Amino acid sequence: MTEIRGKTAVITGAASGIGRATALALAREGARVAAVDVDREGLAETAAQIARAGGQVSTYLVDVASRDAVHAFAQEIESAFGGADIVINNAGVAQVARVEELSFEDFEWLMNIDFWGVVYGTKAFLPQLRAKGEGHIVNVSSVFGLFAVPTQAAYNSAKFAVRGFTEALRHEMRGSGIVVSCVHPGGIKTNIMRNARFLQSVQQTVREEAATGFDRLARTTPERAADVIISGIRKNKGRILIGTDAKILDIIQRLMPASYGSILFRGRTGIGALTENEAAER
Ligand SMILES: NC(=O)c1ccc[n+]([C@@H]2O[C@H](COP(=O)([O-])OP(=O)(O)OC[C@H]3O[C@@H](n4cnc5c(N)ncnc54)[C@H](O)[C@@H]3O)[C@@H](O)[C@H]2O)c1
């Protein structure tokens with residue numbers, strides 16, 4: 001069981017959504033929270049909420065897509081607190097684009113944050129955990145790391161890759177005292193779709209509909225997601241599914257590994273709202 005009280009917990013993407021709620025929950029459990037994001041204002045709000053709750057927090061403006069910045073940040077944590085105990089690589093972005101329209105630049109933008117950001121965060125902090133002989137690494141994938149969705153090829157690629165990377169590391173760390181968890185949230189009501197990058201051609205019309213469609217589908221609150229993550233950390237769970245939707249979707253893709261798409265999408269073009277016909281009309 002991973003102890004949280006008195007530990008130093010690093011969490012990326014802490015300015016919003018799941019990251020903010022988890023940072024707050026960790027602080028309430030007595031962790032010293034190192035909250036990371038690129039959003040200065042959002043980070044300040046997270047810190048204010050933690051301070052109001054009587055928790056300990058320090059904030060760091062770090063772009064997880066920069067390997068140098070993440071390693072420099074890890075050094076800062078080593079100097080300030082003697083290293084991290086719990087590292088939650090949560091920062092992420094979304095993107096809506098079909099493969100044929102997806103530019104390499106957009107693909108790389110997403111992979112750099114959602115995949116390489118997780119790898120950098122893991123590699124930068126792993127030596128600190130090794131030196132202590134214990135600790136917990138929590139990498140946030142998605143249900144989209146379990147099955148694929150039209151218009152989400154880049155996001156799917158990153159989230160499947162996070163899962164593969166994290167599971168391999170979990171096997172490598174067996175018996176080391178370092179626990180490695182992979183988180184697969186279902187729909188969580190956050191800003192992720194409102195902040196998503198959309199393919200240029202339909203940006204204006206589709207963005208709002210996709211965000212609204214997402215809000216309709218995403219039933220779990222960030223606070224509930226944080227509770228599930230904290231409970232998973234405490235119980236040393238290797239695989240943390242969040243939400244009934246995640247559990248059902250996990251079963252569907254196992255039962256129908258090749259044909260789940262015929263049930264889940266039924267002619268829809270993506271996770272937003274459009275059917276093939278609606279998309280063709282635009
Ligand atoms: N919301 C969902 O339904 C859902 C489902 C499955 C997985 N997830 C994953 O959960 C994680 C958190 O997402 P969320 O829903 O809370 O989204 P969110 O948009 O509310 O929060 C994401 C945070 O990451 C930060 N961020 C983005 N790029 C960054 C960078 N380069 N460096 C540092 N910080 C950066 C953002 O500023 C933001 O504060 C993501 O990895 C996401 O893919 C979310």
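*Asks:* Explain empty space enclosed by the protein residue by residue, including any values.
*Replies:* For the coordinates displayed, the defined rule picks out 1 cavity of 30 Å³ or more. A volume near 50 Å³ is recorded for the largest cavity. Lining the largest cavity we find Val10, Thr12, Val36, Val62, Val64, Val70, Phe73, Asn89, Gly117, Gly121 and Phe125. Elements with a contribution of two residues or more to the lining of the largest cavity: strand S1 (8-12), helix H3 (67-81) and helix H4 (104-132). The element best represented in the lining of the largest cavity is H4, accounting for 3 residues. Of the residues assigned to the lining of the largest cavity, the class counts are 7 nonpolar, 4 polar and no charged.

*Asks:* For the nonpolar core, give the residues involved together with the corresponding values.
*Replies:* Core analysis: the biggest nonpolar cluster contains 31 residues, and Ile4, Leu26, Val33, Ile88, Val183, Ile233 and Ile242 have the highest contact counts within it. Looking at this core, the elements that each hand over two or more residues are S1, helix H1 (17-28), strand S2 (32-37), helix H2 (40-52), strand S4 (86-89), strand S6 (135-140), helix H7 (222-234) and strand S9 (239-242). When residues in this core are grouped by element, the largest group, 7 residues, is from H1. When sequence neighbours within four positions are dropped, the list of residues in contact with Ile4 reads Leu26, Glu29, Gly30, Ala31, Ile86, Ile230, Ile233 and Arg234.

*Asks:* Residues and numbers for the pairing of strand S3 (residues 56-61), please.
*Replies:* Two faces, one strand: in a regular strand the side chains alternate between the faces of the sheet. Where S2 and S3 come together, 6 bridges link them in parallel fashion. The residue bridging Val33 from the neighbouring strand is Val57, located in S3. The β-α-β motif built from S2, the intervening H2 and the parallel element S3 has right-handed crossover chirality.

*Asks:* Outline the site of the ligand, supporting the account with residue identities and numerical values.
*Replies:* By nearness alone, 30 residues border the ligand, and Ser16, Asp37, Tyr155, Ile188 and Thr190 come closest of all. Ile18 is positioned such that a nitrogen or oxygen atom in its backbone is 2.8 Å from an oxygen atom of the ligand. In terms of residue class, the shell around the ligand is built from 14 nonpolar, 12 polar and 4 charged.

*Asks:* Tell me about the packing of aromatic side chains, and name the residues and values.
*Replies:* Across all of its chains, the model carries 8 aromatic pairs by this definition. Aromatic side chains Phe115 and Phe165 sit 6.4 Å apart centroid to centroid with 90° between the ring planes, which places their arrangement in the edge-to-face category. In this pair, Phe115 is assigned in helix H4 and Phe165 in helix H5 (residues 153-173), connecting sequence segments 50 residues apart. Among the residues examined, Phe115 registers a relative accessible area of 14% and is labelled buried. Aromatic ring contacts, followed pair by pair, group Phe115, Trp116, Tyr120 and Phe165 into a single cluster. Between Arg197 and the ring centre of Trp109, over which it is positioned, the NZ or CZ distance is 3.9 Å.

Calculation criteria
- Residues numbered from 1 in each chain as written.
- Predicted model: local features only at pLDDT ≥ 70, side-chain atom pairs only at ≥ 80, totals over all residues.
- Heavy atoms only, no water.
- 1 Å grid on protein atoms, 1.4 Å probe; cavity = no way out; pocket = protein on both sides within 12 Å on 5 of 7 lines; lining within 4 Å.
- Points joined across faces, edges and corners; volume = space filled by probe spheres on them.
- Helix = DSSP H or I, 4+ residues; strand = E, 2+ residues; numbered from the N terminus.
- Nonpolar A, V, L, I, M, F, W, Y, C, P; charged D, E, K, R; others polar.
- Core = buried A, V, L, I, M, F, W, Y, C linked by side-chain atoms within 4.5 Å.
- Buried < 20%, exposed > 50% of the residue type's maximum accessible area, 1.4 Å probe, protein only.
- Contact = heavy atoms within 4.5 Å.
- Pairing = 2+ DSSP bridges.
- Right-handed = clockwise from strand over helix to strand, strands pointing away.
- Near = heavy atom within 4 Å.
- Polar contact = N/O pair within 3.5 Å; in protein donor to acceptor, adjacent residues only side chain to side chain.
- Phe/Tyr/Trp six-rings, centres within 6.5 Å; stacked < 30°, edge-to-face > 60°.
- Lys NZ or Arg CZ within 6 Å of the ring centre and 35° of its normal.

Nothing here speaks to function; it is geometry throughout.
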